[in-house]
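# Overview (structure and organization)
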Amino acid sequence: MHEVAIAQSILDLVNERAAGGAFTRVHAVRVAIGALSSVEPDALSFGFDAVTSGTVAQGAKLIIDRTPGRGFCMTCVTEIDVPARGVECPGCHGHQWLVVSGEELKVKDLEVD
Ligand SMILES: [Zn+2]
């Protein structure tokens, strides 16, 4: 389950910021996950709860914002909205499209004390 590895890297980032003594307690972590990333939000929340146990982020809420996916259809030569990987182009019903955006996974902000 690679969500645990992702949760761990989110925690690493939180720890990095906490190391400066800027805060001692994290209430919430907001992350943005692209619709085309292969991250399962429920699994990520579960993994986050597991890895943060006993850390500065213990009990912190993981807030997940899904960002939409965009693709570029080679057949239609235009940008399209794509809700997930493997879907067909709404214009030509083909699969010849490339990812433009929607694969990102980033920490947006932290709610801390
Ligand atoms: Zn198309």
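What comes next is a walk through the structure. Remember, it's a predicted structure, so these values are computed and weren't measured experimentally.

Let's shift gears to the overall build of the chain. Along its length, the chain carries two helices and six strands. In the chain, the order of α-helices and β-strands from amino to carboxyl end is α-β-α-β-β-β-β-β. Whereas a compact globule of 113 residues would reach a radius of gyration of roughly 13 Å, the chain reaches 17 Å, over 25% beyond that. Along the first, second and third principal axes, the C-alpha set of the chain runs to 55 × 25 × 15 Å. For the chain, buried positions account for 37% of its 113 residues. Within the chain, contacts between residues separated by at least 24 positions form 70% of all contacts whose residues are at least 6 apart in sequence.

Moving on, we get to the coordination of the zinc ion. Of the protein atoms, only Cys73 (SG), Cys76 (SG), Cys89 (SG) and Cys92 (SG) coordinate the zinc ion, at distances of 2.2 to 2.4 Å. Around the zinc ion, the four donor atoms sit at angles spanning 105 to 112°, and that spread fits a shape best called tetrahedral. The exposure class assigned to Cys89 is buried, which follows from its relative accessible area of 0%. Residue Cys92 is classed as partly exposed on the basis of its relative accessible area of 29%.

A word on the side chain of Thr67. The topology assignment puts Thr67 in strand β2 (residues 61–67). Polar side-chain contacts of Thr67 include one of 3.4 Å to the backbone nitrogen of Gly34. Side chain to side chain, Thr67 and Glu104 meet in a polar contact 2.5 Å long.

Turning our attention to the pattern of salt bridges. A full pass over the atoms with the stated rule returns six salt bridges. A salt bridge links Asp65 to Lys108, with the shortest nitrogen-to-oxygen separation between them at 3.1 Å. Taken together, the residues span a long stretch of sequence, with Asp65 in strand β2 and Lys108 in strand β6 (residues 105–112) at a distance of 43 residues. Residues participating in the shared-partner salt-bridge network are Arg30, Asp65, Lys108 and Asp109.

Helix length check: helix α2 (residues 41–52), at 12 residues, gives a terminal C-alpha distance of 16 Å against a target of 16 Å (1.5 Å per residue), a fit within 8%. In this fold, the buried residues of α2 make contact with α1 (2–18), β1 (26–34) and β2. Of the residues one or two after α2, Gly54 is the one with positive phi, at around 80°.

It is worth spelling out the sheet that holds β2 at this point. Read from one edge of the open sheet, three strands run β2-β1-β6, paired in mixed fashion. The sheet terminates laterally at β2 and β6, the two strands that pair on one side only. Taking each pair of neighbouring strands and ignoring which way they run, the sheet shows an average axis angle of 20°. Examined bridge by bridge, β1 and β2 share seven bridges and lie parallel to one another. Residue pairing across strands places Val29 opposite Leu62, the latter belonging to β2. Each of β1 and β6 touches α1; the most contacted strand, β6, lies at about 45° to it.

Cut-offs used in this document
Residues numbered from 1 in each chain as written. Predicted model: local features only at pLDDT ≥ 70, side-chain atom pairs only at ≥ 80, totals over all residues. Heavy atoms only, no water. Helix = DSSP H or I, 4+ residues; strand = E, 2+ residues; numbered from the N terminus. Rg over C-alpha atoms; globule rule 2.2 N^0.38 Å. Buried < 20%, exposed > 50% of the residue type's maximum accessible area, 1.4 Å probe, protein only. Contact = heavy atoms within 4.5 Å. Donors = N, O, S within 2.8 Å, 3.2 Å for Na, K, Ca; no water. Tetrahedral: all angles 85-135°; square planar, octahedral: opposite > 155°, others 65-115°. Polar contact = N/O pair within 3.5 Å; in protein donor to acceptor, adjacent residues only side chain to side chain. Salt bridge = Lys/Arg side-chain N within 4 Å of Asp/Glu carboxyl O. Expected span 1.5 Å × (residues − 1). Pairing = 2+ DSSP bridges. Axes fitted to C-alpha atoms, helices over the stretch in contact; angles between N-to-C directions.

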